[in-house]
Amino acid sequence: MKNYLKLLLFLFVSLLSFNANSQVNITPSDDQLYQIIMQAEQRGMTPSELQALAKSKGYSDAQISALMMKASGIGANKYNSNTFGIAKQTSLTQLQTNSNLLVKKDSLTLTDEEKKIFGFEVFANKTMSFAPNLSMATPRNYVVGPGDDLIVQIYGIAQATINLKVSNEGKVVIPNVGLSHVGGLTVEAVKSLLTQKIGTRYAGLGGANPSSYLQVTLANVRTIKVNIVGDIKTPGTFQLPSYTTVFNALYSAGGPTTKGSFRTIQLFRAGRLVTEVDLYDFLLKGKTDHNVRLEDGDVLLVPKYLNRVEIVGEVRRALYFETKTKENVSDLIKMANGFKETAFKENVTIQRYTGVDKTILHIESGNFSKTSLEDGDIVSVAKSLTTFQNRVQLIGAVVRPGDYEAGKTERIADVLKKAGGLKPDAFLGRAILYRSGEDLSQQALDVDLKKVLMGDLEHNILIQKEDVFVVASHFDIKEIYSVSIDGEVNQKGAFPYAIGMTIGDLILKAKGFKQSASGSYIEVVRRIKDSPTELAKVIKAEINADLSISENEKKIALEPFDQIFVRPSIGYREFKYIYVQGEASYTGKYVLDKFDLKVGDLLYRAGGVLPSANLQGALLIRRSLFFKPKRNVDEYLNRLKELNQRNQDSTLSGKSESSRIVGAQINTQIKEIEKQTKLDSLAKTGSDQEFDLGDIENIKTSIQKSVLKSLKDVNINESEYQFVSIDLEEIIKAPGGSADLQLRDGDILYIPTFDETVSISGDVLYPVSIKFDQSASLKHFVDQAGGFNNTALRKRSYVVTANGSVKRTKSFMGIRIYPRVSPGSHVFVPKNTKPKSNFNIDRVLGLTSSLVTTYLLITNLIK
């Protein structure tokens, strides 16, 4: 698409350049074609418009294709800068619109050295463009040269438009007038010349009272060749629009190198120095006085810098800057955009190379403008101190805590007044003033706030800088007050305490009585502070069941940390539940309807067992009496969280001030406890030891897990339950007999499905599960698993039955008595882990043979 566009651009300009009556097969040279492509890109016609224009002028499709191929090849060669000799020629427009140029690529990424030199970021900024404005009005000081197309417009009484092409000799041919030399003249001078020349043909043009006027503009912007040399990133000859200025040209060449000067860039024209450009004038001050427009054949020289210094520290632009001979420290600070607000402005330090070593110069602010800079200087700006000259801090229960000015004659009361005074919860009995001594040691001064407010000068003392005045809240110096309620209420736990609170108020906060509550028997347990014999005081109270206010209730005002117990009504009992699971006719939840209900009674209610039941594997799952109680810190943390939830409800405008303070204190304590608990937990990590309980425990655990997985409609925690072995066969035979067991709340009767297999594992040849044989012994089952290994500990073999009970091997008079094996049980043979003796008969015989041989050999030698 790019090549196609170039071809059409060529057609457009070539049609304008050649006579319409000339032959259309005229083929321009490579140089002419490249010039045409560049100029056509500047005009900006669409491909469809250009193609239509070409065909309307008589170009055939074959000619368009041929020209397209030639334009494509020339464009590629031009971009590679390999066609037209050694000099590098490129278009500034192409440089800024095409990213395939080396200068543009290199400028996108800066080295660490380039990043520290002021000005380099300008030439690397992708969003910034120094391209000349080609659509601007023709400047009056524009110098006309060969190749320019001039449009002469006459308006007024006489009207006409004349197109004039400036020849290589700088001349134009004016129709019906003749030849005129305009090369080297400004547009304004050309206008005066043409007014005079054409005025002979048009009446009223020129003179003291003209009736017609003449205007000269450029039809197109020609290109010029500019040589850019020296310490520039891409030196060479550049083909640029004639509107190009010094800044445009430098940008097209990539800017100076790290050794190049930004401040003494020289412009030579016809071998003569025209001007010297200081880029700092533009970058720092916005001045463009020396940004002159270039002409064909101009030479830009970027010399090496003479002086470059670095400024570091508390300035807004800490970089390397190029300095001129008379510039000083003040000038450098201005280049660095001034001091930061944190800078120490009284002096700076200069590190300077002497030619032998380095030296340090300490420059006071009064000498900034008198101290010149040398190449390699490093100017350091220190940071100001963070201490305050006149600060006093107010902390705690004041309306606006914070930092305040400490006047030389101001006292505590004056600063409190600035802070809006004390909060209502301020503790007036004592405040603390922390004062720093000359050696920065801290001193604490006790202050009576009541006397401060009364103007007592002994306590209302003068404020000094860096004083810290701390006013405590009465909430800070007392325990968080609460009361708690337990028993037959809808919401148990701790609640915030309020002065004058009654039992009824607390019960109301606890969402009222339960149905089981007895309002006539309530106990209030109160702390006893100073009695060596009494632990607590118990107060009995009575509350109306409908929570209506009574006179008796008013007489008992609650105190902080009172505990209220609401007892249940006499004879009221909550339902207790037991469960049947497994192979029973009716499984599920059952109510414990009497205190002495036994397993046989429950099994009768459950409709008995199914034929598929394994009676020998039946067991009872019971809540364990042993559990790890919660720590006191956990109980306290839970109480704080309850208090936080039940703190006074907020309204549309927020919580009350007292509730907000109490809530903040509760949250602080919760965070501290949780933080400490986390630290304690981390300290214990890795300290707990795991003990190997042996294979018997593993087997029991696996059986228990399989049982628990088979339970339905019951969710229990393994650590809170234990297995109780029962003889269900005997219970069915004699319900209520000696084998029957009384049930408790939460008991689960589990009857497994009959399993006619027995599993054998441990130190046997081949662990396996086989069918149960009622007449077989334990040894028979072990033989089915390949028999005992040599390392088997036979006398410790045991059987774990389906209900989790364990039967071990016994011994009598050296005879082993193995336990009976039941269906669904597990036979396990332990391994003997003791090391074996190294003694054996083969070693004894070998040793004896060696000794005999040695004896005979010695006897023969003696003989």
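Quantities reported herein were computed from a predicted structural model and do not represent experimental measurements.

A few words on the overall build of the protein chain. Regarding its fold elements, the protein chain presents 23 helices and 37 strands. In the protein chain, which comprises 863 residues, the proportion classed as buried is 38%. Long-range pairs, those at least 24 residues apart, make up 63% of the contacts in the protein chain with a sequence separation of at least 6.

For Asn 644, the position within the fold is in helix α18 (residues 632-645). Judged by relative accessible area, Asn 644 falls into the partly exposed class, the value being 25%. Sequence separation of Asn 644 and Ile 670 is 26 residues, and the distance between their C-alpha atoms is 9.3 Å. Residues contacting Asn 644, with those up to four places away along its chain left out, are Gly 663, Ile 666, Asn 667 and Ile 670.

With that settled, the discussion passes to the nonpolar core. Of all hydrophobic cores here, the largest spans 44 residues; its most connected members are Ile 228, Leu 250, Leu 279, Leu 294, Leu 300, Ile 311 and Phe 321. At five residues, the largest contribution of residues to this core is made by helix α10 (residues 246-252). Leu 250 has contacts with Phe 123, Ile 232, Gly 255, Ile 265, Leu 279, Leu 300 and Val 302, leaving out every residue within four places of it along the chain. By size, the runner-up hydrophobic cluster in this structure holds 24 residues, among which are Tyr 142, Val 152, Ile 154 and Leu 194.

Turning our eyes to something else, we now look at the packing of aromatic side chains. Geometrically, a pair of aromatic rings is defined through the distance of the ring centres and the angle of the planes. By the definition in use, this model includes 10 aromatic pairs. Summarising the aromatic geometry, the rings of Phe 123 and Phe 262 are spaced 6.2 Å apart at their centres and angled 55° between planes, so their arrangement reads as tilted. Of this pair, Phe 123 sits in helix α8 (residues 120-124) while Phe 262 sits in the loop between α10 and β8 (265-269), and the two are 139 residues apart along the sequence. Across this residue pair, the class does not change: Phe 123 and Phe 262 are buried. Members of the aromatic cluster, connected to one another through ring pairs, are Phe 120, Phe 123, Tyr 251 and Phe 262. Across from the ring centre of Tyr 305, 3.9 Å away, lies the NZ or CZ of Arg 308, which sits over that ring. Over the aromatic face of Phe 561 sits the side chain of Arg 527, whose NZ or CZ is 4.0 Å from the ring centroid.

When pLDDT is averaged along the protein chain, the result is 78; 77% of the residues meet or exceed 70. Residue range residues 1-13 is modelled with pLDDT below 50. Its contacts to residues more than four positions away, or to other chains, number 44 contacts. Across residues 686-697 the pLDDT falls below 50, and counting only partners more than four positions away or on other chains, this stretch makes four contacts in the model.

On to the side chain of Asp 278. When you line up the elements, Asp 278 lands in the loop between β9 (272-277) and α11 (279-285). Among the polar contacts made by the side chain of Asp 278, one reaches the side chain of Arg 263 at a distance of 3.0 Å. If near-sequence neighbours (up to four positions away) are discounted, Asp 278 is found in contact with Phe 262, Arg 263 and Lys 324.

Quick look at the pattern of salt bridges now. Under the counting rule described, the total for this entry stands at 23 salt bridges. Here Arg 430 and Asp 446 are joined by a salt bridge, their closest N and O atoms 3.0 Å apart. Of this pair, Arg 430 sits in the loop between α13 (412-418) and β18 (431-436) while Asp 446 sits in strand β19 (residues 442-447), and the two are 16 residues apart along the sequence. With a relative accessible area of 46%, Arg 430 lands in the partly exposed category. Here Arg 526 makes a salt bridge to Asp 562, at a shortest N to O gap of 2.8 Å. Note that Arg 526 is positioned in strand β23 (residues 517-527) and Asp 562 in the loop between α16 (551-554) and β25 (563-568), a separation of 36 residues in sequence. For the residue pair Arg 526 and Asp 562, the accessibility class agrees, reading buried in each case.

Looking now at the sheet that holds strand β1 (residues 149-156). Pairing in this open sheet of three strands is antiparallel, and the strands run β2-β1-β5 from one edge to the other. The sheet terminates laterally at β2 (160-165) and β5 (212-220), the two strands that pair on one side only. Adjacent strand axes in the sheet meet at a mean angle of 20° when their direction is disregarded. By the bridge criterion, six bridges tie β1 to β2 in an arrangement that is antiparallel. Bridged to Ile 154 within β2 is Ala 160.

The next point concerns a positive patch on the surface. On the surface, a cluster of positive charge is contributed by Arg 794, Lys 795, Arg 796, Arg 808, Lys 810, Arg 816 and Lys 834. Structurally, the position occupied by Arg 794 is in the loop between α22 (778-784) and β33 (798-800).

Where strand β26 (residues 577-582) lies against strand β27 (residues 588-591), four bridges are found, and the strand directions are antiparallel. Across the sheet, Val 580 pairs through a bridge with Gly 588, a residue of β27. What sits between the antiparallel neighbours β26 and β27 is a turn of five residues.

Sheet architecture is open: five strands sit in the order β7-β6-β10-β8-β9, paired in mixed fashion. For this open sheet the edge positions go to β7 (236-241) and β9, each flanked by a neighbour on one side alone. On average, adjacent strands in this sheet sit at an angle of 25° to one another, irrespective of strand direction. Of the strand pairs in this sheet, strand β6 (residues 223-230) and β7 are connected by six bridges, and their pairing is antiparallel. Looking across to β7, one finds that Lys 225 is bridged to Gln 239.

What follows concerns the pairing of strand β15 (residues 378-381). Both strand β11 (residues 308-313) and β15 contribute to a ladder of four bridges, which runs parallel. Bridge pairing in β15 places Gly 313 opposite Val 381. Taken together, the three bridges between strand β13 (residues 347-353) and β15 define a ladder with antiparallel strand orientation. Bridge pairing in β15 places Gln 351 opposite Ile 378.

What counts and how
- Per chain, residue numbering runs from 1 following the sequence as it is written.
- Residue-level local features of this predicted model are given only where pLDDT is at least 70; pairs of side-chain atoms are given and counted only at 80 or more, and the full residue set underlies all totals for whole chains, interfaces and linings.
- Just so you know, side-chain values use all the structure's heavy atoms and leave hydrogens and water out.
- For helices the rule is a DSSP run of H or I covering at least 4 residues; for strands it is a run of E covering at least 2, with both sets numbered from the N terminus onward.
- We call a residue buried when its accessible area falls under 20% of the maximum for its residue type, exposed when it is over 50%, and partly exposed in between, using a 1.4 Å probe and counting protein chains only.
- Contact definition: two residues touch when any of their heavy atoms are within 4.5 Å.
- As used here, the term nonpolar core means buried Ala, Val, Leu, Ile, Met, Phe, Trp, Tyr and Cys residues forming a set that is joined through side-chain atoms within 4.5 Å.
- Geometry of aromatic contacts follows a simple scheme: Phe, Tyr and Trp rings, the Trp one being its six-membered ring, pair when their centres are within 6.5 Å, and the pair is stacked under 30 degrees between planes, edge-to-face over 60, tilted otherwise.
- Two thresholds decide whether a charge sits over a ring: the Lys NZ or Arg CZ must be within 6 Å of the ring centre and within 35 degrees of the ring normal.
- Residue-level confidence of the predictor is summarised by pLDDT, bounded by 0 at the bottom and 100 at the top.
- Polar contact is the term for a pair of N or O atoms within 3.5 Å; when the atoms are in protein, one must be able to donate a hydrogen and the other to accept it, and sequence-neighboring residues count only if both atoms are side-chain atoms.
- One speaks of a salt bridge when a side-chain nitrogen belonging to Lys or Arg is within 4 Å of a carboxyl oxygen belonging to Asp or Glu.
- Strand pairing requires that DSSP identify at least two bridges connecting the strands.
- Axes here refer to lines fitted to C-alpha atoms; in helices the fit is confined to the stretch in contact. Angles between the N-to-C directions go from 0 to 180 degrees.
- Patch membership requires over 30% relative accessible area and the absence of a salt bridge. Like charges are linked within 9 Å, and nonpolar side chains (Val, Leu, Ile, Met, Phe, Trp, Tyr) within 5 Å.
- Surface exposure here means Shrake-Rupley accessible area, sampled with a 1.4 Å probe, where a residue is shielded only by the protein chains that are shown.
- A positive count includes Lys and Arg, and a negative count includes Asp and Glu. His and the chain ends are not counted in either.
- Taken as the charge centre is NZ of Lys, CZ of Arg, CG of Asp or CD of Glu, depending on the residue.

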